Amino acid sequence: MRTVVIGGGAAGIAAARTLHDAGHEVLLVEASDRLGGRARSLSLSSLFPREGGGPDWTPAFAGEHVDAGCGWLHSAERNPWTGIAETTGFTVDRSDANWRTQWRDLGFPPEDQEASAEAYLTWNDRALSALEGPDRPLSDFIAPDDKWRPKVNAISGYANGANLTQVSLHDWAAYEKASTDDNWTVKEGYGTLVASHAADLNIRLSTPVTRIDHNGRRLNLDTPAGTIEADHVIVCVPTTVLARSQIVFDPPLPDKHAAAADLPLGLADKVFVHVDRPKWPTNAHLIGNPYSACTASHRLSPFGWPIVESFFGGDCAEMLEDGDAAQFAIDELVGLLGSDWRKRFTPLAATRWRHEPYIGGSYSHARIGSAGQRAVLAASVDGRIHFAGEACHPFDFSTAHGAYETGVAAARAVIGEPAPIA
C-alpha cells in the first residue's frame, strides 16, 4: 500500500514521518523547492550585506536563525513540537514573550496600559457570553467609537491575520478555550525544527500536484514530471490552493473547495532590522502605536541578538505588503526611541506571505457562520483521500502543532488506527 503525501509543511511532514516510522511506503511531494511551508527559518548571516555599506557583523551570531513564518511554540506544554525539539537537540527558550509589557512605558503610559487591558478583557467577556447565540463577527462586541477598538483590532490582526469584522465568534472561541499562555521559542528556528523532522523521508521537491484522479482502483496524481500512482493520498496544502482549484479532483469534490474558501488565510508578516548598540534587555517588547489598528509588535533583541523582529497582522499587513514595511517599522521605533536612533537601524528582510507561491497567506480563520467547515475540510473521501493541515484542526488551527496533529491523525487513518483529535 503506497501513500503519497501532498505538501511538505508541518502537517505533511508529520503525516509522512508517522507512516514511514510505521513501516509504510510513503512519498512526500512538495510544490516548492523547500520543506516547511509556512514554517521557514532564515539564517541571520544570509540577511546581512556581504559588502560595504552594511552594519558591522558580529561573528558570534553566525549560524543563528530567525523565523520568517511561525516562530512561537504556542500552548507549549502540550505542543508536540516541544517534545520533538527537546529530544532532537534543539534549544527551547521558555522566556516570557513580554507581549503585555511596554519597555520603559514608551509612548504608552501605565494608566493607558491598564485601561486598554481592561477594555480587551471586557470585549473578550462579551464575546464569550454570546456563544450560545448565532455566530457573529468579533467586531460586534466592542463599540465602533471605543478608544481601544483599534488596539483590539491590531491584536486580532496578530492572532487571526484578519480584522475583527472578518472573524467568526464561534471559530475564535474554539481556539481561545483550548489555548494556554505558555508561548516558547526554538533558538535554532521553528522552521528548522519542522524541516528536520523530515530526515530520511522519501521526498520530491518542485513537484506540484495539479489533478487527483480517483475514478479507478488506484489514485493517479498528475504532476509536471508525470503521473504518480497511489493507494492513499493525504492532502496537506493551504486552503488557498484548494479554494483556487490549483488541485483538481476527478470526480469533483465541490464541498472541499467550498470549505477551503470559507476558511481563508489571513495575513501576518515580519520585518527584521539590525540595530547598532541596542540598550534594551533580551526579549524586550514594544508596541509601535497602541492607539492605532495599523501598528507593529516589536520583539527587541530575541536571544540577545542585535536585531528587532517587527510583526504586522491583518489589514495593516495587507497594506504594507506592497509598501515599505521596513521603513514603517523603523519610523515607529524612532517615534518611540528618538530621532537619533534612525541611523542605528538597518533593514535586513521583510516577508510577503500573500505573494508566496503555493501558499498565499499566513493562517486560517473562519468566515462568519463557517466554523463548521473545518470538519468538512478534514473529512476523508472514500477512505482513500485524506486531508490535513492547520485549517483542518477543530481548535488548534493557525498553528504548527495543530497542523502536526492533523497530519498524524490522517496517517493513522491510513494505517487503520484512527485516533480522532480530542
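The structure we're discussing is the one just above.
Residues numbered from 1 in each chain as written. Predicted model: local features only at pLDDT ≥ 70, side-chain atom pairs only at ≥ 80, totals over all residues. Heavy atoms only, no water.

A.B. asks: I'd like a description of the pairing of strand E13 (residues 268-275), backed by residues and values.
C.D. replies: Among the eight residues that make up E13, eight are buried, leaving the element largely enclosed by the rest of the structure. Pairing of E13 with strand E17 (residues 345-350) involves five bridges; the strand directions are antiparallel. Within the sheet, the bridge partner assigned to valine 275 lies in E17 and is phenylalanine 345. (Buried < 20%, exposed > 50% of the residue type's maximum accessible area, 1.4 Å probe, protein only. Helix = DSSP H or I, 4+ residues; strand = E, 2+ residues; numbered from the N terminus. Pairing = 2+ DSSP bridges.)

A.B. asks: Requested: an account of the sheet that holds strand E14 (residues 284-287), with residues and values cited.
C.D. replies: Taken together, the five strands give an open sheet; going across it, the order is E14-E15-E16-E13-E17, and neighbouring strands pair in antiparallel fashion. Bordering the open sheet on either side are E14 and E17, each of which pairs with just one other strand. Mean inter-strand twist for the sheet, computed between neighbouring axes without regard to direction, equals 25 degrees. Across seven bridges, E13 lies against strand E16 (residues 307-313) in antiparallel orientation. Bridge pairing in E16 places alanine 268 opposite glycine 313. Packing of helix H5 (residues 149-160) onto the sheet brings it into contact with E14, strand E15 (297-300) and E16, and relative to E16 it is tilted by some 100 degrees. Strands E13, E14, E15, E16 and E17 of the sheet are contacted by helix H11 (residues 325-337), whose axis makes an angle of about 145 degrees with E17. (Axes fitted to C-alpha atoms, helices over the stretch in contact; angles between N-to-C directions. Contact = heavy atoms within 4.5 Å.)

A.B. asks: Quick one: what's the story with the state of the cysteines, residue by residue and with numbers?
C.D. replies: With the rule as written, the count across this model stands at one disulfide. Just so you know, cysteine 70 is unpaired, no disulfide at all, and the nearest cysteine sulfur is the one on cysteine 236, 15 Å from it. Note on cysteine 236: no disulfide assigned, nearest cysteine sulfur contributed by cysteine 392 at a separation of 8.1 Å. Under the relative-accessibility criterion, cysteine 236 is labelled buried at 9%. (Disulfide = S-S within 2.5 Å.)

A.B. asks: Give a detailed account of the side chain of asparagine 124, specifying residues and quantitative values.
C.D. replies: Structurally, asparagine 124 is set in helix H4 (residues 110-129). Here asparagine 124 is in contact with Trp172 and Glu176, once residues within four sequence places are set aside.

A.B. asks: Kindly report on the packing of aromatic side chains, identifying the contributing residues and their values.
C.D. replies: By the definition in use, this model includes 15 aromatic pairs. When the centroid spacing of 5.3 Å and the interplanar angle of 55 degrees are considered together, the rings of tryptophan 123 and tryptophan 172 count as tilted. Placement of tryptophan 123 in helix H4 and of tryptophan 172 in helix H6 (residues 169-178) is noted, with a sequence separation of 49 residues between them. A relative accessible area of 3% means that tryptophan 123 is categorised as buried. Residue classification places tryptophan 172 among the buried residues on the basis of a relative accessible area of 4%. Ring centres 5.8 Å apart and planes at 45 degrees place the aromatic pair tyrosine 175 and phenylalanine 397 in the tilted group. Of the two residues, tyrosine 175 sits in helix H6 while phenylalanine 397 sits in the loop between strand E18 (385-387) and helix H13 (400-415), which places them 222 residues apart along the sequence. Exposure class is identical for tyrosine 175 and phenylalanine 397. Each is buried. Here arginine 94 stacks its cationic end above the ring of tryptophan 184, 4.4 Å away from the centre of that ring. (Phe/Tyr/Trp six-rings, centres within 6.5 Å; stacked < 30°, edge-to-face > 60°. Lys NZ or Arg CZ within 6 Å of the ring centre and 35° of its normal.)

A.B. asks: Any chance you could break down the side chain of threonine 351 for me, citing the residues and the numbers?
C.D. replies: Inspection of the secondary structure puts threonine 351 in the loop between E17 and helix H12 (373-378). Overall, threonine 351 belongs to the buried group, its relative accessible area being 12%. At 2.7 Å, the side chain of threonine 351 forms a polar contact with the side chain of aspartate 269. Here the side chain of threonine 351 touches lysine 270 through a polar contact of 2.9 Å, landing on its backbone nitrogen. Not counting chain neighbours up to four residues away, the residues in contact with threonine 351 comprise Ala68, Asp269, Lys270 and Glu321. (Polar contact = N/O pair within 3.5 Å; in protein donor to acceptor, adjacent residues only side chain to side chain.)

A.B. asks: Which residues make up empty space enclosed by the protein, and what values do they have?
C.D. replies: Scanning the entire structure with this criterion turns up three cavities of 30 Å³ or more. Volume-wise, the largest cavity comes out at about 90 Å³. Residue lining of the largest cavity: 14 residues in total, with Asp67, Gly71, Arg299, Phe303 and Glu309 positioned closest to the centre. Broken down by secondary-structure element, the contributors of at least two residues to the lining of the largest cavity are strand E4 (65-67) and strand E6 (185-186). (1 Å grid on protein atoms, 1.4 Å probe; cavity = no way out; pocket = protein on both sides within 12 Å on 5 of 7 lines; lining within 4 Å. Points joined across faces, edges and corners; volume = space filled by probe spheres on them.)

A.B. asks: Which residues make up the packing of H4 against H6, and what values do they have?
C.D. replies: Two elements in contact, H4 and H6, have axes separated by 10 Å at closest approach and are oriented at 110 degrees. The orientation of H4 with respect to H6, classified from their angle, is roughly perpendicular. Where H4 crosses over H6, the two elements pack in a sense that is left-handed. From H4, Trp123, Asn124, Ala127 and Leu128 reach across to H6, where they touch Leu169, Trp172, Ala173 and Glu176. Per-class residue counts for the contact of H4 with H6 are six nonpolar, one polar and one charged. (Parallel < 35°, antiparallel > 145°, perpendicular 65-115°, else oblique. Left-handed = near helix turned anticlockwise from the far one by under 90°. Nonpolar A, V, L, I, M, F, W, Y, C, P; charged D, E, K, R; others polar.)

A.B. asks: How would you sum up helix H3 (residues 80-87)? Please name residues and give values.
C.D. replies: Within H3 the residues assigned to the buried category are Trp81, Thr82, Ile84 and Ala85. Along the axis of H3, the buried residues cluster in a sector spanning 165 degrees; they form a single face. Buried residues in H3 make contact with helix H1 (10-21), strand E5 (92-93), helix H7 (190-196) and H13. N-cap assignment for H3: the residue whose side-chain oxygen lies 2.9 Å from the backbone N of tryptophan 81 is asparagine 79. (Arc of directions from axis to C-beta.)

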